[in-house]
Amino acid sequence: MTYKLIAIDIDDTLINDNKEVTPATQTALEQAVAHGTVVTLATGRAYASAQALARQTKLNVPIITYQGALVKNLLDENVLYERYVPQEASRKLYDYCLEHNLHLQTYIDDKLYAREENDKLRDYAKLNGTQYYIESDFIKVIEQQTPKLLIIDEPDYLDKVAVDLRELLGPEVHITKSKPYFLEIMHREGTKGHALTFLADHFGVELSECIAIGDSWNDHEMLEAAGLGVAMGNAIPALKEIADYITLSNNEDGVKQVIEKFVLNAE
């Protein structure tokens, strides 16, 4: 099989625990592109955060951001695919978070907003290298279009919250975890799987000719959509169970190993 498109998650996949793309992995990315393979990123991060890393790694194609709710071209920043959280769902979510004293944050025009400043917001912003803005009258923000809303709390509690929200918000939204303590809410078509399907069509590539690489449950839709779904060695057990292949960890150049095995040495 000749693979023509590779979609790679960023956190705990492309970058190591020091938040770096190693020189060895960078070389592999460049070799894949030179080989004629489209290499893109597929992340829960905002475009502003993801594009900086994409440019650093010398990619120049559309990238998948906000869990798949936004696909945007790096060259001219043209939006190719966009799905907003339904307004009614956003308002119901806001009311639920107020009632249960949950930290809720959202993105408007690629800027991160929260109702109040706290350690959860500060830690998240530091983790993603993102500037944030405080809006005490948060309903003003909620009533604007957003690709993603995010709740931060303890993992076990978020599992219970997710059950409540799936019942409250219904089938029009997609709810997933990017990390154990991040619960993310998007449009039902705001998944990495939907975005990968769109990009494959955009480039005239069959899904069977795609590789998807990730580590968390929010990656499972794209692993299932791709011809070759790859879980990192450090991936959660549930993702490894559905993967076609398990590579090395993010601290062992797992992405490089996939590129060398399935793209560069495939012939």
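Data block above holds the structure.
Cut-offs and rules
Position numbers for residues start from 1 in each chain and track the written sequence from start to end. Local features in this predicted model are restricted to residues whose pLDDT is 70 or higher, and side-chain atom pairs enter the listing and the counts only when it is 80 or higher, whereas totals over whole chains, interfaces and linings include all residues. Hydrogens and waters are ignored; side-chain quantities use all the structure's heavy atoms. Buried means the residue's accessible area, taken with a 1.4 Å probe over protein chains only, is under 20% of the maximum for its type, while exposed means over 50%, and partly exposed covers the values in between. By the criteria applied, helices consist of DSSP H or I runs no shorter than four residues and strands consist of E runs no shorter than two, each listed in order from the N terminus. For two strands to count as paired, DSSP must find a minimum of two bridges between them. Lines fitted to C-alpha atoms define the axes, with helix axes restricted to the stretch in contact, and inter-axis angles between N-to-C directions lie between 0 and 180 degrees. Note on terminology: angles under 35 degrees are roughly parallel, angles over 145 are roughly antiparallel, angles of 65 to 115 are roughly perpendicular, and the others are oblique. Crossings are classed by handedness, with left-handed meaning an anticlockwise turn of the near helix from the far one by less than a right angle and right-handed meaning a clockwise turn. Residues count as neighbours in contact if any of their non-hydrogen atoms are within 4.5 Å of one another. Gly is placed with the polar residues, together with every amino acid not listed as nonpolar (Ala, Val, Leu, Ile, Met, Phe, Trp, Tyr, Cys and Pro) or charged (Asp, Glu, Lys and Arg). Grid spacing is 1 Å over the protein atoms alone, the probe is 1.4 Å, and a cavity is where that probe fits but cannot get out, while a pocket is an open set with protein on both sides within 12 Å along at least five of seven lines and lining residues have an atom within 4 Å of a point. Grid points are joined across faces, edges and corners, and a volume is the space filled by probe spheres set on the points.

## What to know about the pairing of strand β10 (residues 173-179)
Phase 1: Burial analysis of β10 places 7 of its 7 residues in the buried class, which makes it a mostly covered element.
Phase 2: Note: β10 against strand β11 (residues 182-187), 6 bridges, orientation antiparallel. Within the sheet, the bridge partner assigned to V173 lies in β11 and is H187.

## Description of the packing of helix α4 (residues 87-99) against helix α7 (residues 155-169)
Phase 1: Across the interface, α4 lies against α7 with an axial gap of 10 Å and an inter-helix angle of 140°. In terms of orientation, α4 and α7 fall into the oblique class. Here α4 and α7 pass one another in a crossing that is right-handed. Each of A89, K92, L93 and Y96 in α4 lies in contact with α7, whose residues at this interface are V161, D164, L165, L168 and L169.

## Examining the packing of helix α2 (residues 23-34) against helix α11 (residues 254-264)
Axis angle and axis distance: for two packed helices, these are the angle between their axes and the distance between the axes, and together they describe the pair.
Phase 1: Between α2 and α11, the shortest axis-to-axis distance is 8 Å and the interhelical angle comes to 30°. What the angle tells us is that α2 and α11 run roughly parallel. Pair α2 / α11 crosses with left-handed handedness. Listed contacts from α11 to A24, T25, A28, L29, Q31 and A32 of α2 are V255, K256, I259 and L264.
Phase 2: When the residues that make up the contact of α2 with α11 are grouped by side-chain class, the tally is 7 nonpolar, 2 polar and 1 charged.

## A word on the layout of surface pockets
Phase 1: Of the voids in this model, the largest pocket is the one considered here, and its volume is about 180 Å³.
Phase 2: Among the elements of the structure, β4 (70-72), β5 (79-82) and β6 (103-108) are those that each provide at least two residues to the lining of the largest pocket.
Phase 3: Taken as a whole, the second largest pocket holds about 150 Å³ of empty space.
Phase 4: Forming the walls of the second largest pocket are Y94, C97, L98, N101, L102, H103, L104, R115, E116, N118, K120 and F138.
Phase 5: Where the lining of the second largest pocket is concerned, the elements lending two or more residues are α4 and β6.
Phase 6: Element by element, the count of residues in the lining of the second largest pocket is highest for α4, at 3 residues.
Phase 7: The class makeup of the residues in the lining of the second largest pocket is 6 nonpolar, 3 polar and 3 charged.

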